[in-house]
Amino acid sequence: MGVGAIAYTSFLEADTVATGMTEAHHATEQAILRSGLPYTILRHPFYSDAFIPRISGGELTGSTGGRGLNTAFRSDLAEAAANVLTGEGHLGQAYDFTGPLWSHPEVAEALGVSYREVPDTAPGPMSWLNAQVRAGALERQTPDLEQVLGRPAERMASRVLAQRTVGLL
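Residues numbered from 1 in each chain as written. Predicted model: local features only at pLDDT ≥ 70, side-chain atom pairs only at ≥ 80, totals over all residues. Heavy atoms only, no water.

Asker: Requested: an account of the pattern of salt bridges, with residues and values cited.
Answerer: Taken as a whole and judged by the stated rule, the model has 13 salt bridges. Notably, a salt bridge pairs arginine 116 with glutamate 59, separated by 2.7 Å at the nearest N-O pair. Taken together, the positions of arginine 116 in strand β6 (residues 114-117) and glutamate 59 in strand β4 (residues 59-62) put the pair 57 residues apart, joining distant regions of the chain. Residue class for arginine 116 comes out partly exposed when judged on its relative accessible area of 43%. With relative accessibility at 18%, the residue glutamate 59 sits in the buried group. A cluster of three or more residues bridged by salt bridges with shared partners is formed by Glu13, Asp15, Glu29, Arg43, Asp96 and Arg140. (Salt bridge = Lys/Arg side-chain N within 4 Å of Asp/Glu carboxyl O. Helix = DSSP H or I, 4+ residues; strand = E, 2+ residues; numbered from the N terminus. Buried < 20%, exposed > 50% of the residue type's maximum accessible area, 1.4 Å probe, protein only.)

Below, the structure is given as structure tokens:
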């Protein structure tokens, strides 16, 4: 008995950047590559589930400069992982999963509410993340997620509209 193959869930850009959030993933990816074992690497973006915009007082506010986010829903990422683990042709591959690019103004428009940019007063990590979004660092797009899913990934506006319909927003 032994290890037949490694499937590793990593983070976007861990193949090229070894600082901050990607440092441990970068080291792990390098160790996997050096191991000589068959592998598949699934690089995830931030999870959309943690970024679902909230409406307050009839408007959506944000501190992202209206820039895009390439987040993906965990349900899509889980389905993609299942496809990779049960499908053929994935060994030796590394996938950079990105969801459909979305922005706070786009979601506000889909909901029929106004959008207002507000000063960034988010605590700690959210302030850093908002700055990354404003700088365009989360706008990278690849076709990998939709190719592995075999269908379009869920869009943020669709999820928010569905939640609003069932009274969750």
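Asker: Before we move on, could you go through the sheet that holds β6 and cite the residues and values that matter?
Answerer: Read from one edge to the other, the open sheet built from 3 strands follows the order β3-β4-β6, with strand pairing classed as mixed. Every other strand in the sheet has two partners, leaving β3 (55-56) and β6 as the edge strands with one partner each. Relative to β6, β4 runs parallel, the two being bridged by 4 bridges. Bridge pairing links threonine 61 to arginine 116 in β6. (Pairing = 2+ DSSP bridges.)

Asker: Any details on the environment of glycine 58? Residues and values, ideally.
Answerer: Here glycine 58 shows up in the loop between β3 and β4. For the pair formed by glycine 58 and glycine 124, sequence separation is 66 residues and the distance between their alpha carbons is 27 Å.

Asker: Pulling in residues and values, what's your account of the sheet that holds strand β1 (residues 6-11)?
Answerer: Pairing is parallel in the open sheet, where 3 strands are placed in the order β1-β2-β5. Two strands close off the open sheet at either side, each with one partner strand: β1 and β5 (93-96). Taking the axes of each pair of neighbouring strands and ignoring which way they run, one obtains an average angle of 15° across the sheet. Pairing geometry for strand β2 (residues 39-44) and β5, over 4 bridges, is parallel. Looking at the pairing, arginine 43 lines up with aspartate 96 of β5. Running at roughly 155° to β1, helix α1 (residues 23-35) makes contact with β1 and β2 of the sheet. Those strands touched by helix α2 (residues 74-86) are β1, β2 and β5, and its axis lies near 170° from that of β2. (Axes fitted to C-alpha atoms, helices over the stretch in contact; angles between N-to-C directions. Contact = heavy atoms within 4.5 Å.)

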